[in-house]
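# Summary of structural features
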Amino acid sequence: MPVEFLTPAQEAQYGHFTTTPTAAQLAQYFWLDEADREIIDRHRGAHNRWGFALQLTTVRFLGTFLADPIAVPPNVLRYVAQQLQIAPDTPLTPYATSRMHKTHTAEIRQLYGYRTFTDQPGHFRFVRWLYERAWLTTDRPSVLFDAATAHCVEHKILLPGVTVLTRLVAQVRERAALRLWRTLARLPTADQRESLEQLLRGDPHTHHTGLDRLRQAPTTVSAPGLLKAVQRAEALRAFGAHQWALGSIPLGRIQLLARYAAQARAQIIARMGADRRHATLVAFVIVFTTRAQDDVGELFERFLTDLFARMHRQNQQGRLRTLRDLDDAARQLRTACLALLEDPHASGADAATLREHVLAIVPEATLRSAMHTVDRLTQPPDQTMALVSLLHYYAAIRRFLPALMNAFPLEATPAGQSVAAAWHYLHQQEGSSKKLWREAPTEGMTASWRALCQPPSSPDAVLPRAYTFWVLERVLEALRRHDLYLPHSERYGDPRAQLLQGPAWEAVRPQILRTLDWSLDAEESLAPLTQELDEAYRHTVAQWEDNAAVRIESFAGRERVVLTPLDRVEEPASLRVLRLRVAALLPRSDLPALLLEVHRWTGFAEAFTHLGEGGTRVKDLATSVCAVLIAQACNIGLDPVVQPGIPALERDRLTWVEQNYFRADTLTQANACLVAFHAQRPLAQVWGGGEVASADGLRFVTPMRTVHAGPNPKYFGVGRGVTYYNFVSDQFSGFHALVVPGTLRDSLSALEGLLDQQTVLHPHELMTDTAGYSDMIFGLFGLLGYQFSPRLADIGEARLWRWDATADYGVLNGVSAHRIRRDLITRHWEDMLRVAGSLKLNTVNATRLIQTLQRSGRPTVLGRAIGEIGRLFKTRYLLAYLDDESYRRRILIQLNRGEARHSLARAVFYGKRGELYQRYREGQEDQLSALGLVVNAIILWNTRYTEAAVETLRQSEESVEEPDLARLSPLGYDHLTIVGRYSFTVPDAVAQGHLRALTQPDA
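Residues numbered from 1 in each chain as written. Predicted model: local features only at pLDDT ≥ 70, side-chain atom pairs only at ≥ 80, totals over all residues. Heavy atoms only, no water.

### Notes on the overall build of the protein
Going by this rule: Secondary structure is summarised from DSSP: a helix means a run of H or I of at least four residues, a strand means a run of E of at least two, and numbering begins at the N terminus for each. Buried, partly exposed and exposed residues are distinguished by accessible area as a fraction of the type maximum, computed with a 1.4 Å probe on protein chains only: under 20%, between the cut-offs, and over 50%, respectively. Using the Shrake-Rupley algorithm and a 1.4 Å probe, accessible areas are obtained, with residue cover drawn only from the displayed protein chains.
Secondary structure assignment for the protein yields 44 helices and 18 strands. By its C-alpha atoms, the protein is 135 × 80 × 65 Å across when sized along the principal axes. Counting across all 1003 residues of the protein, residues that qualify as buried make up 51%. For the protein, the accessible surface area stands at approximately 47,500 Å², while carbon and sulfur atoms represent 51% of it.

Here it is as structure tokens:
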């Protein structure tokens, strides 16, 4: 049972003051109320009252009494003394050396109800709470230890020794793990367990096990690739995971165990005890059955999308190749028509004479050939001929379609019933040799498809091949709208089923209402919003004459708002001088030494824990972690960082660390550590408080053939790529990121990034480019308490909406004629709150929910209701955007920070021409997360040394203006060696915790 999961630094911080309490902490823990002062005043002598108060506030803050009761930070001494009106020079040493502080300790415990850690039954309740936390979450031991410490402080339980608590955490986690293994191991039957054991047996020729084959996701978008994906999904479903009752087992723990099974070697799993081995395989089957279904759905969507796109592309290219022949034929027909129209005798001639006249100008053979060419090369307006080319791909479709229909019966929402009926009919006709199918569902079939599918001689029947392609097109559209869904699928499942409903919603509804500050009464909730909207209108109108940047113009018969673009703000000379002086003082460093130095400040490498959750620690692990980070973030592989003869940098060691320590959760925790440390830096707080963020996409070409990439000629040329959609705080730190195949409409994923991030920052305003924003996006942001602030490319196209139809808004009356529908909002108010609560508690994915609420650009009824309240939030934002130039400039500045951060990321990700060579989504996410982590480390390093440089300038009596500090940036990298030098040694002074010496100006 491993118990040594705390670092020496963490053990030293336990139960001690490690940092100076902030002003907020002083007010929360060190404030003395009237009851406290009454008790304190019972004691004689200023030093006794002061000492008693220090012990009381210390135990509130730390959860324990100090061996030296006066070993507290100076600001605590001053804060407590000021409240007691005690002179700060009053000696406290006599109090610390006497037995009086021991007496006060017992008195505080008795008066304020503090209990020892082993008190019963309190100890049992604490262990039960800790066990439930360990069972329900996937927290690492150190996180669980911190939670236990906080619980003790909150419930007045005196902290035990660090060894006692670490042993208890280890024991509880071991009990939770044993319970998980036993519970999962009992789920399969004896036959199913034998089938699971077969996964660990290797092929004598290839030495590959069944586990190796099943955990390898498909990467090729083709008919054979899709067939293999279907076969893999069927093989996983054959284990019968859908029959196992999982209601009492936390999904997060199953996913964590499955992640281990997906990365560990089969031989290691085979050597485990029976319960743990079976539990690991059961978790793998549960999670990968769902993933395999998602892979099939994704391949199916990509294959059909590419097929229809190829058809249209080939049709256009074919038409381009025939333009010359079409031109020649059209010229001949033109000549014949001119002969009819321009001959003055043609109108009075009889038919025979007219025919002879025309054929004398254009021979009959030439005219008939021209007519034939026109018939052959032109297409009717209904595009029927364009669809005919699809029939050439029928053989490719047949390679996977039978297996797909047998393996995946699609289910439908009410809006998708007609598509589901066509799909089921297609499945029923499988194997039929009839040339015509009768009574086929054709609801929703367009005229073009009817001309292709239904023969004129039998209008009540359909042609099988054409009908198959029509059904596939309809299924593709319905899957995208989530009108059709795959049961037990994560990505292609029914998002409505993931919304809180029934007893589950009623149980959490009070908590949601309090958290989001809404009332169940729609009118009560809307009243302050409508009042704020009215005030925003009137304030904007009152300032209109003084606002030279906006005006009203008439265009195409209607009024529209015109906004003058922002002028560039000239930089003051003092700022330019400050930048040059700071840049000259920054020390030079190469990237490995920078990462190791940042680790010494923050301990971020400690967040990388072994995959087996066994607390495995090796010597110089931080060095190995930093080497792998550079290999991934710089896109150079392990070769440049391998150094034979140095154990921490041997190839086998680095490969082992990469396989066992690098994954999504450890990268996320390490990044959260950097963000937390950076947020406390004084200079970072000058740049912002972390309440504002921006989101933007960074594109990477992926030369590898993979299903997890998409086309976009603007960014990827003829190839494919992914978008690294990252979120940047106003302190320059990146706090979350998403990897999206191809490109996306940014606003769809903007909300997901805010809800899923796990750092200490809590931004409430998100700034983006125009991003195809919609009323629904504004509505969801507003319901969740966030401010969505897109930069508007053309505000003249935006509509202003009003609540009160009779209100007089002066100059804005003409552009605010549209009214928000109160009835639609009030009718669906609780459903809207249920959607917001489901998003807040993360029971449903935000991006997929947004796609469900709008079908082909047309929102559902609930989507329209959310859009209506979104119009209120959007109009309030637009009015502020028009009225306040500083607000527009603040949005621009924040977006520029994100773009500048992208430039730094590009400089770091220099290897292999900056192209991403990862086939699988997990690999893409892990490598780009490593890039984000390294960029954050550079920003933190630059911030701290910029602070040192500014302090040096101030000590030399150089003027440093506060407004200039706010415009400094930690995104420079000219002083860093990123390319070609990878030495993992640091100067002795840095190894001892000191900062490097700044560069001397003369040097």
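### Overview of empty space enclosed by the protein
The cut-off we apply is this: In this analysis the probe radius is 1.4 Å and the grid spacing 1 Å, with only protein atoms considered; a cavity is a set of points the probe fits into but cannot get out of, a pocket is an open set with protein on both sides within 12 Å along at least five of seven lines, and lining residues have an atom within 4 Å of a point. Grid points are joined across faces, edges and corners, and a volume is the space filled by probe spheres set on the points. Under the scheme applied here, ten amino acids are nonpolar (Ala, Val, Leu, Ile, Met, Phe, Trp, Tyr, Cys and Pro), four are charged (Asp, Glu, Lys and Arg), and all others, including Gly, are polar.
Taken as a whole and assessed by the stated rule, the structure comprises five cavities of 30 Å³ or more. Roughly 90 Å³ of internal volume is contained in the largest cavity. Lining the largest cavity are V296, G297, F300, L404, F408, L410, W423, L479 and L486. For the lining of the largest cavity, the leading source of residues is helix 16 (residues 274–321), giving three residues. Looking at the lining of the largest cavity residue by residue, the class counts come to eight nonpolar, one polar and no charged.

### Here's the deal with the side chain of N48
To keep things clear, this is the line we draw: We call two residues contacting when some pair of their heavy atoms lies within 4.5 Å.
Mapped onto the secondary structure, N48 falls in helix 4 (residues 46–62). Owing to a relative accessible area of 13%, N48 belongs among the buried residues under this scheme. Residues within four places of N48 in sequence aside, it is in contact with H43, Y95, M100 and H104.

### Let's talk about the packing of aromatic side chains
Condition: Any pair of Phe, Tyr and Trp rings, taking the six-membered ring for Trp, is counted once the centres come within 6.5 Å. Such a pair is stacked with planes under 30 degrees apart, edge-to-face with planes over 60 apart, and tilted for the rest. Throughout this description, the term charge over a ring refers to an Arg CZ or Lys NZ atom that lies within 6 Å of the ring centre and within 35 degrees of the ring normal.
Counted under the stated rule, the structure contains 30 aromatic pairs. Considering the side-chain rings of W656 and Y661, the 5.4 Å spacing of their centres and the 70 degrees angle between planes classify their relative orientation as edge-to-face. An angle of 35 degrees between the planes, with centres 5.8 Å apart, marks the rings of F778 and Y877 as tilted. Residue F778 is located in helix 36 (residues 775–783), and its partner Y877 is located in helix 40 (residues 861–883); the two are separated by 99 residues in the primary sequence. Like Y877, F778 is buried. One aromatic cluster is present, built from ring pairs that chain together F778, F781, Y786, F788, Y877, Y881 and Y887. Note that R175 overlies the ring of Y131, its terminal NZ or CZ placed 4.6 Å from the centroid. Cation over ring: R944 sits above W601, and NZ or CZ is 4.6 Å from the ring centre.

### Focus on the packing of helix 32 (residues 664–679) against helix 42 (residues 921–955)
Rule in force here: Between N-to-C directions, angles span 0 to 180 degrees; the directions come from axes that are lines fitted to C-alpha atoms, helices contributing only their stretch in contact. Convention used here: angles under 35 degrees read as roughly parallel, angles over 145 as roughly antiparallel, angles from 65 to 115 as roughly perpendicular, and any remaining angle as oblique. Definitions for this section: a left-handed crossing has its near helix turned counterclockwise from the far helix by less than a right angle. A right-handed crossing has that turn clockwise.
Two elements in contact, helix 32 and helix 42, have axes whose closest approach is 10 Å; the angle formed by their N-to-C orientations is 15 degrees. Classified by the angle between their axes, helix 32 and helix 42 sit roughly parallel to one another. When you trace helix 32 past helix 42, the crossing you get is left-handed. On the side of helix 32, the interface is formed by A664, L667, A670, N671, L674, V675, F677 and H678, while helix 42 contributes D926, S929, A930, G932, L933, N936, A937, I939, L940, T943 and R944. Split by residue class, the contact of helix 32 with helix 42 holds 11 nonpolar, six polar and two charged.

### Quick word on the environment of C634
Its place among the elements puts C634 in the loop between helix 30 (621–633) and helix 31 (651–661). Every residue in contact with C634, bar those within four places of it in the chain, is listed here: L591, L629, V908, F909, Y910, G911, I978 and Y982.

### So, the pairing of strand 11 (residues 734–741)
Quick reminder of the rule: Strands are treated as partners if at least two bridges between them are detected by DSSP.
Two strands pair when backbone bridges link them, and strand 10 (residues 720–729) and strand 11 are joined in this way by seven bridges, in the antiparallel orientation. The partner of Y724 across the bridge, within strand 11, is V739.

### Observations concerning the packing of helix 10 (residues 162–185) against helix 14 (residues 251–263)
Each packed pair of helices is defined by two parameters, the angle between the axes and the distance between the axes. Contact geometry for helix 10 and helix 14: axes closest at 12 Å, N-to-C directions at 85 degrees. Judged on the interaxial angle alone, helix 14 and helix 10 are roughly perpendicular. Contacts between helix 10 and helix 14 involve A176, A177, L180, W181 and L184 on the former and, on the latter, R253, I254 and L257. Here the residues of the contact of helix 10 with helix 14 sort into seven nonpolar, no polar and one charged.

### A few points about the nonpolar core
Stated precisely, the cut-off is as follows: Residues belong to one nonpolar core when they are buried, are Ala, Val, Leu, Ile, Met, Phe, Trp, Tyr or Cys, and are joined through side-chain atoms within 4.5 Å.
If you look at the biggest cluster of nonpolar residues, it comprises 107 residues, and the most contacted ones within it are F126, L184 and Y467. Of all the elements, helix 16 adds the most residues to this core, at 18 residues. Every residue in contact with L184, bar those within four places of it in the chain, is listed here: I249, I254, L257, A279, V282, A283 and I286. Formed by 81 residues, the second largest nonpolar core is a distinct cluster that contains V692, L738, W801 and I866.

### Some words on the state of the cysteines
Stated precisely, the cut-off is as follows: The criterion for a disulfide is a pair of cysteine sulfur atoms lying within 2.5 Å.
For the coordinates displayed, the defined rule picks out zero disulfides. No disulfide involves C634; its sulfur sits 12 Å from the nearest other cysteine sulfur, which is in C626. Judged by relative accessible area, C634 falls into the buried class, the value being 0%.

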